[in-house]
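# A closer look at the structure
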Amino acid sequence: MNQTELIVLLQQADDTAFKKLVDAYETMVYNATLGLVQNETIADDITQEVFIQVHQSIGSFKGESKLSTWLYRIAITKSLDYLKHKNRKKRFAFIQHLTGSNHEESFHPPEFNHPGIVMEQKENAKALFTAMDRLPDSQRIAFTLHKLEALKHQEVAEVMQVSVQAVESLIARAKGNLRKTLQFYFENNNT
């Protein structure tokens, strides 16, 4: 079944087509989400939310982009919404801390387990993903899609709805920022 046939069946609320969609794209959506939120449970929840939204809004899909591009956009939007909510909670906890409230929330870097990371590289991966968490959203998205999801610059540009040159610039800036952060990390942890 090609993409056009799948979309037509999805728009007709065909349950078998929806199952095929989930089977074909669940891992892709989960891994992209995991690369951004860095928490397996949250990534799983967001993945489910993505497919719920797809089920509810497939009628509005015009086919102007590939189905995978549309799914990436939804996954990124939902991941960023989660991160913005989490950051608001952290800011609120910080304000509570400043005002002396006893209901403090402390921030601990996530215990990160990406399926593509070998056990002996876990500590380095944790440092990388902690550094990625500090990148601006656009740099983190471009870097995640290109380096972790192995999308080409053109595909990243389509997902992010920017030019290829903008993607190249975002990835270059992300690499530079990560290099600085990780150099500091490794210099301080190897002494």
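A short tour of the structure in this document, coming up. What you see is a predicted model; the values in this text were computed from it and never measured. (Residues numbered from 1 in each chain as written. Predicted model: local features only at pLDDT ≥ 70, side-chain atom pairs only at ≥ 80, totals over all residues. Heavy atoms only, no water.)

Summing up its helical and strand segments, the chain has eight helices and zero strands in all. Put simply, the chain runs from its N terminus to its C terminus through helices and strands in the order α-α-α-α-α-α-α-α. The buried share of the chain, reckoned over its 191 residues, is 39%. Pairs at least 24 apart in sequence give 60% of the contacts found in the chain among residues at least 6 apart. Of the roughly 11400 Å² that the chain leaves accessible, carbon and sulfur atoms contribute 51%. (Helix = DSSP H or I, 4+ residues; strand = E, 2+ residues; numbered from the N terminus. Buried < 20%, exposed > 50% of the residue type's maximum accessible area, 1.4 Å probe, protein only. Contact = heavy atoms within 4.5 Å. Areas by Shrake-Rupley, 256 points an atom, 1.4 Å probe, with all protein chains shown as cover.)

Now for the environment of A75. Relative to the helices and strands, A75 resides in helix α4 (residues 67-99). Along the backbone, A75 and E49 are 26 residues apart, and their C-alpha atoms lie at a distance of 8.6 Å. Not counting the four nearest positions on each side in its chain, A75 is found in contact with V29, T33, I46 and V50.

It is worth spelling out the pattern of salt bridges at this point. On inspection of all chains with the given rule, the structure shows four salt bridges. D23 is paired through a salt bridge with K19; the nearest N and O atoms lie 3.1 Å apart. Pair noted here: D23 and K19 are both in helix α2 (residues 15-37), with a separation of four residues, about one helical turn. For D23, a relative accessible area of 51% puts it in the exposed group. For D133, the salt bridge is made with R140, and the minimal N-O distance between the two is 3.4 Å. Assessed through its relative accessible area of 22%, D133 is described here as partly exposed. Residue classification places R140 among the buried residues on the basis of a relative accessible area of 3%. Bridged by salt links that share partners, the residues D133, D137 and R140 form one connected network. (Salt bridge = Lys/Arg side-chain N within 4 Å of Asp/Glu carboxyl O.)

So, on to unusual backbone geometry. Even without glycine at this site, Q38 takes up a positive phi of about 60 degrees. With respect to the helices and strands, the residue Q38 is situated in the loop between α2 and α3 (40-57). The backbone of A150 sits at a positive phi, close to 60 degrees, despite the residue not being glycine. With a relative accessible area of 62%, A150 lands in the exposed category.

Let us look at the packing of aromatic side chains. As enumerated under the stated definition, the model contains one aromatic pair in all. Relative to W70, the ring of F61 has its centre 4.8 Å away and its plane inclined at 40 degrees; by these criteria the two rings are tilted. In this structure F61 comes out as buried when scored by relative accessible area, which is 8%. Overall, W70 belongs to the buried group, its relative accessible area being 13%. (Phe/Tyr/Trp six-rings, centres within 6.5 Å; stacked < 30°, edge-to-face > 60°.)

In this section: the nonpolar core. Membership of the largest hydrophobic core comes to 41 residues, with the highest contact counts inside it found for L21, V50, V54, L67, L71 and L145. Mapped by element, the contributors of at least two residues to this core are α1 (3-11), α2, α3, α4, α6 (137-148), α7 (153-160) and α8 (164-189). Broken down by element, this core gets its largest block of residues, ten residues, from α2. Those residues in contact with V54 that lie beyond four places of it in its chain are L21, W70, L71 and I74. If you look at the next biggest cluster of nonpolar residues, it comprises ten residues, including F129, A131, A174 and L182. (Core = buried A, V, L, I, M, F, W, Y, C linked by side-chain atoms within 4.5 Å.)

With that out of the way, let us pick up the environment of L145. One can find L145 in helix α6. Placed 69 residues apart in sequence, L145 and I76 show a C-alpha to C-alpha distance of 9.8 Å. Excluding residues that lie within four positions of it along the chain, L145 makes contacts with Y72, I76, A150, L151, V156, V159 and M160.

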